[in-house]
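Architecture and fold: a report
This is what each chain is made of:
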Amino acid sequence: MCGIFGYVGHQEDAADIVFEGLKRLEYRGYDSWGIAVKKPGTGSKNTFAIRKRTGKIGNAKVSDLPKSSFGLGHTRWATHGGVTKINAHPHTDCTGSIVLIHNGIIENYEKLKKNLIAHGHRFVSETDSEVAVHLIEELNKTCSFTEAVRKAFLKLEGLNAIIVMHPRAHTFVGVRNGSPLVVGLGKGGNYLASDAAALLPHTKKVYFLEDNDLVVADAENVQIIEVKTGKRKKIKPRTLTWSIKQAEKGKYPHFMIKEIHEQPSILSEIASSGLSNAKKLSKHIDQAFDTYMVGCGTASYACIAGSYLFSKIANRHINWAVGSEFGYQLDFLTPKSLVMALSQSGETIDTLEAVKKAKGKGAKIFALVNTLGSSLYREADYSMLIGAGPEKAVASTKAFTGKLAHLVLLAYALAGKPKSGQSTLLKAAKASKTVLTPESRARIKKLAERMKNKEHIYVIGRGLSYPASLETALKIKEISYIHAEGFAAGELKHGVIALVEKGTPCIAFLPNDETYGANLAGAMEMKARGGSIIGISHKPHEVFDFYIPVADAQEATIIPNVIVGQVLAYYLAIARDLDPDMPRNLAKSVTVK
Ligand code: M6R
C-alpha cells in the first residue's frame, strides 16, 4: 500500500534521493505523493520545504526543492479522506515544525482527534494520519521528542508505521506495528523505507524493524528501542541478496512482461536449489496431525493448487482458506497442526493475522514467501524463500509459479520421490519457455486483439486447471478490467452456463490428465450455446475456435498453462491502452484490512 522513503546523511541531494526512492516504490500502488526536506540555514529549529501532489509521479521534478541532507517521502493509497493534495503526506503539526508520514490505519483516530481539538490543535486534512503528528506535538510539551513519539505510538490503535522528522535535529524517529519498515544502513547516511527493494541502489545492509521497534536514525547512528519498555535493543543487520538489475525493467517495456519472461529460469533454479529445503519441510508436513494452507488473491490460488498436488502426488489431504476467512474457521487447530502461509510480499495483513491467530492456538507456522525479512518470514517457525527475485508488477506472476514450483517439490518429497519432483519441474520450465517464444507470444497477442472489446470472459478447468482458471481470470480482471470468471467446469451446468451467448469467449484448460474428457465436454456445452472456445492444450481439437499449444509437463502443466493466461492478460491490457504494471485501485502489498 503506501510507500515510505527517507534519507539522512551527508549528501546534499536529499530531495532527489527521496524522489528516486519513491519512484522505486511506485509499483506498490498509490494515488498521491509528497516529499519534505529540511530547509538549509534554519539553525537548531528545522523548517521544511514540502511538495505534495495528487496522481502519479510521472515526469514531475523536484529540482526546485532546496539542497538538503535530510528528507522524507510518501506515496499514499487513500483510506481516510479523498485523494487530495491536503490529504497527501507528509503531515505537519500546528507549528509546521514536526513532519510525519504514516502507513496503516489509526483505528481510534476519531476519539484522539476530538481530544486534540479540545486542546487547541488545528487539523487541516481528513486523514487519520494527521492525528499522530498533533499527538506527538502535544506530548512533546512534557517530554523529549523521541519519548513523545514512543508515547504517541502507544496510544494509536491498529496496525501502523510512522516516521517523524525531528523538529530540532537531523534525526528520524520511526515506529512500526504491522506495517513494514526497514532501515538501510549506508556509508555516510542512513535510509528508511517501507520496502527493502527501494534501498538497493544505496545499500544492501538492512535491518527489518520488528513489531513495536522504534528506530532513531541520524546520518551516523541507528538505535532501536522497544516501544513498550523504552529499552534499547541490539540489532542484527541482514544482507539483501537481490541485485539492482533484478529490480529494474531492463529491455522490457513493463515489469510484468519482464517478470513473465523470468519464469523458465526461476523454475529451473528452484528445481535444482529447492530440493533440500523441500525434503526438510516435507518432514514437518509428515509429522503434523493436520495441515492447512492460507494465502490471499493469487497466493490463495496457489493454496488450492497445493491441495490438489498433495492429494494427487502424496495422497495427503490439505485444507486451504483465504487469509481473511481463515480466522473464522480455525477453532479446531491444535499444537499438532501445521499452517502453511503463502505470500509474495510476506506483508499481506489478512494472511499475517490468520497466522497470528493460528499461532495463538499453538499451531506451527511454515511461511513460503518471496521477501526476505518480511513479517511473515519472521513470524513463522519455518520459513522458505520462493526465490523469484523482486516482483514489481502489481499483478503477481513469477511469485505464483514460484510457489507452485515449491509445492510440486514438496508434494513429491512427501511422497518419497523428490527426484521425480525435480524432473517434473524441469519439464514445466521447458514448456514455459516454449509458451514465451516470439511465435507463441504473437499467437496469444492475436487472440488478445480479437478479445479486447469483449465484456465478459469465462475460464474453465477441472482438477489443477481449476486454480489455473481462477488465476487466469484474476489476471485478466486486474490489468485489462474486462470482467472474467474462472470456475470449475463441473459447475457450468449449475448456473454459469446461463451467461454464455453467441461469441462469448470461453477459455478451456485441457491438459493431458484425467480431466481432459470431462473438461472437453464442458467446452462443447459452451460451444453449443454460441461460446467461442479458446483451447489451451497439448493437442488441438475441432471444438476449438482458437488453439494455444502447451506441452505436457505432468502435474506441473498448471505452470505453463497459467503463463498463457498471464501473457493473454498482459496483451489485453496493452490492446486496451492500459498500464499493466499499475492497475487502478490496486496495491502490490495489501497491508490494511
Ligand atoms: O504478497 P501476497 O502474495 O501475499 O499478495 C496476495 C495478494 O494480494 C496478491 O496475490 C494479489 O491478488 C495480486 N494482485 C494478484 O496478482
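Residues numbered from 1 in each chain as written. Predicted model: local features only at pLDDT ≥ 70, side-chain atom pairs only at ≥ 80, totals over all residues. Heavy atoms only, no water.

1. With respect to the overall build of the protein chain
The helix and strand inventory of the protein chain stands at 16 helices and 25 strands. With the C-alpha coordinates of the protein chain rotated into their principal frame, the extents come out at 80 × 50 × 45 Å. The buried share among the 593 residues of the protein chain stands at 61%. (Helix = DSSP H or I, 4+ residues; strand = E, 2+ residues; numbered from the N terminus. Buried < 20%, exposed > 50% of the residue type's maximum accessible area, 1.4 Å probe, protein only.)

2. A closer look at the site of the ligand
Around the ligand, the structure places 16 residues, and the nearest of them are Ser343, Gln344, Ser345, Thr348 and Glu478. Contact distances for the ligand include 2.6 Å between an oxygen atom and a side-chain N or O atom of Ser343. Here an oxygen atom of the ligand and a backbone polar atom of Ser396 are 2.8 Å apart. The protein chains hide 92% of the 410 Å² of surface that the ligand would expose on its own. The cavity that encloses the ligand is the largest pocket. If you list the elements that add at least two residues to the shell around the ligand, you get helix H7 (298–314) and helix H14 (465–480). The element best represented in the shell around the ligand is H14, accounting for three residues. (Near = heavy atom within 4 Å. Polar contact = N/O pair within 3.5 Å; in protein donor to acceptor, adjacent residues only side chain to side chain. Areas by Shrake-Rupley, 256 points an atom, 1.4 Å probe, with all protein chains shown as cover. 1 Å grid on protein atoms, 1.4 Å probe; cavity = no way out; pocket = protein on both sides within 12 Å on 5 of 7 lines; lining within 4 Å. Sits in = over half its atoms within 2 Å of the grid points.)

3. Side note on the pairing of strand E7 (residues 160–165)
A regular strand places its side chains on the two faces of the sheet in alternate fashion. By the criterion of burial, E7 is predominantly enclosed, with six of the six residues buried. Residues of E7 alternate between two faces, with Asn160, Ile162 and Val164 on one and Ala161, Ile163 and Met165 on the opposite face, all of them buried. Note that E7 and strand E8 (residues 172–177) share six bridges and pair antiparallel. Counterpart to Asn160 in the pairing with E8 is Asn177. Between E7 and E8, which follow one another and run antiparallel, lie six residues. (Pairing = 2+ DSSP bridges.)

4. So, the pattern of salt bridges
Any two side chains of opposite charge can pair, so long as their charged atoms come close to each other. The tally for this structure, following the rule as stated, stands at 19 salt bridges. Close ionic contact of Glu210 with Lys233 constitutes a salt bridge, the shortest N to O distance being 3.4 Å. One end of the pair, Glu210, is in the loop between strand E11 (205–208) and strand E12 (213–217); the other, Lys233, is in strand E14 (residues 232–233), with 23 residues separating them in the sequence. Its relative accessible area of 23% is what places Lys233 among the partly exposed residues. Between Glu262 and Lys258 there is a salt bridge; the shortest N-O distance is 3.1 Å. Taken together, the residues span about one helical turn, with Glu262 and Lys258 both in helix H5 (residues 255–273) at a distance of four residues. (Salt bridge = Lys/Arg side-chain N within 4 Å of Asp/Glu carboxyl O.)

5. Quick look at the packing of H7 against H14
Packing of H7 against H14 leaves a shortest axis separation of 8 Å and a crossing angle of 170°. By the angle class used here, H7 and H14 are roughly antiparallel. Listed contacts from H14 to Thr298, Tyr301, Ile304, Ala305 and Tyr308 of H7 are Tyr466, Pro467, Leu470, Glu471, Leu474 and Lys475. Taken together, the residues that form the contact of H7 with H14 break down as eight nonpolar, one polar and two charged. (Axes fitted to C-alpha atoms, helices over the stretch in contact; angles between N-to-C directions. Parallel < 35°, antiparallel > 145°, perpendicular 65-115°, else oblique. Contact = heavy atoms within 4.5 Å. Nonpolar A, V, L, I, M, F, W, Y, C, P; charged D, E, K, R; others polar.)

6. Concerning the environment of Pro549
Inspection of the secondary structure puts Pro549 in strand E25 (residues 546–549). Put simply, Pro549 and Pro167 are 382 residues apart on the chain and 63 Å apart in space, counted from C-alpha to C-alpha. Not counting residues within four places of it along the chain, the set of residues in contact with Pro549 comprises Arg443 and Ser537.

7. Some details on the environment of Lys61
Turning to its location among the elements, Lys61 is positioned in the loop between strand E3 (48–54) and strand E4 (70–76). Spatially, the C-alpha atom of Lys61 lies 8.5 Å from that of Phe19, the residues being 42 residues apart in sequence.

8. Some details on the nonpolar core
Within the largest apolar cluster, 87 residues are counted, with the highest numbers of intra-cluster contacts made by Phe310 and Met340. It is helix H16 (residues 558–575) that provides the largest number of residues to this core, a total of 12 residues. Aside from chain neighbours lying at most four places away, what touches Met340 is Ile285, Thr291, Tyr292, Met293, Val294, Phe310, Phe366, Leu407 and Leu410. The next biggest cluster of nonpolar side chains, apart from the first, holds 30 residues, and it includes Phe19, Leu25, Leu200 and Phe208. (Core = buried A, V, L, I, M, F, W, Y, C linked by side-chain atoms within 4.5 Å.)

9. Some remarks on empty space enclosed by the protein
Applying the stated rule across the entire model yields three cavities of 30 Å³ or more. The residue makeup of the lining of the largest cavity, split by class, is 10 nonpolar, seven polar and eight charged. Viewed by domain, the lining of the largest cavity spans two of them, domain 1 (3–240) and domain 2 (255–575), each represented by three or more residues. In this structure, the second largest cavity encloses a volume near 80 Å³. Arg76, Thr79, His89, Asp128 and Ser129 are, among the 13 residues lining the second largest cavity, the residues nearest its centre. Where the lining of the second largest cavity is concerned, the elements lending two or more residues are E4 and strand E6 (99–104). Element by element, the count of residues in the lining of the second largest cavity is highest for E6, at three residues. (Points joined across faces, edges and corners; volume = space filled by probe spheres on them. Domains from an automatic or database assignment.)

10. Observations concerning the domain arrangement of the protein chain
By the assigned domains, the protein chain splits into domain 1 (3–240) and domain 2 (255–575). Between domain 1 and domain 2, the contact holds 12 residues from the first and 12 residues from the second. Here domain 1 packs against domain 2, burying approximately 1,100 Å² in sum over the two surfaces, 56% of which is carbon and sulfur. Three residues, Tyr27, Phe208 and Arg238, lead the burial of domain 1 against domain 2; their summed loss comes to 42% of the area buried on that side. Applying the counting criterion to the domain 1 and domain 2 interface returns one salt bridge. Salt-bridge contacts for Lys356 lead to Asp211; the nearest nitrogen and oxygen are separated by 3.3 Å. Where domain 1 meets domain 2, there are four residue pairs in polar contact (both at pLDDT 80 or more). Grouping the amino acids of the side of domain 1 that touches domain 2 by side-chain chemistry returns five nonpolar, two polar and five charged. (Buried area = accessible area lost by both parts, 1.4 Å probe.)

11. Details of the packing of aromatic side chains
Within this structure, the stated rule accounts for nine aromatic pairs. Aromatic side chains Phe19 and Trp33 sit 5.8 Å apart centroid to centroid with 55° between the ring planes, which places their arrangement in the tilted category. Here the residue Phe19 occupies a position in helix H1 (residues 14–25), and Trp33 occupies one in strand E2 (residues 32–38), the gap between them amounting to 14 residues. On the basis of relative accessibility, which here comes to 5%, the residue Phe19 falls in the buried class. When its relative accessible area of 2% is taken as the criterion, Trp33 is described as buried. Judged by centre distance (5.5 Å) and plane angle (35°), the ring pair of Tyr292 and Phe332 falls under tilted. One end of the pair, Tyr292, is in strand E16 (residues 290–295); the other, Phe332, is in the loop between helix H8 (323–326) and strand E18 (337–343), and 40 residues separate them in sequence. (Phe/Tyr/Trp six-rings, centres within 6.5 Å; stacked < 30°, edge-to-face > 60°.)

12. What to know about a positive patch on the surface
Residues Lys279, Lys280, Lys283 and Lys419 make up a contiguous surface patch of positive charge. Broken down by element, the residue count for the positive patch peaks at three residues, all from helix H6 (residues 275–287). Structurally, Lys279 is set in helix H6. (Patch = residues over 30% accessible without salt bridge, like charges linked within 9 Å, V, L, I, M, F, W, Y side chains within 5 Å. Lys, Arg positive; Asp, Glu negative; His and termini not counted. Charge placed at Lys NZ, Arg CZ, Asp CG, Glu CD.)

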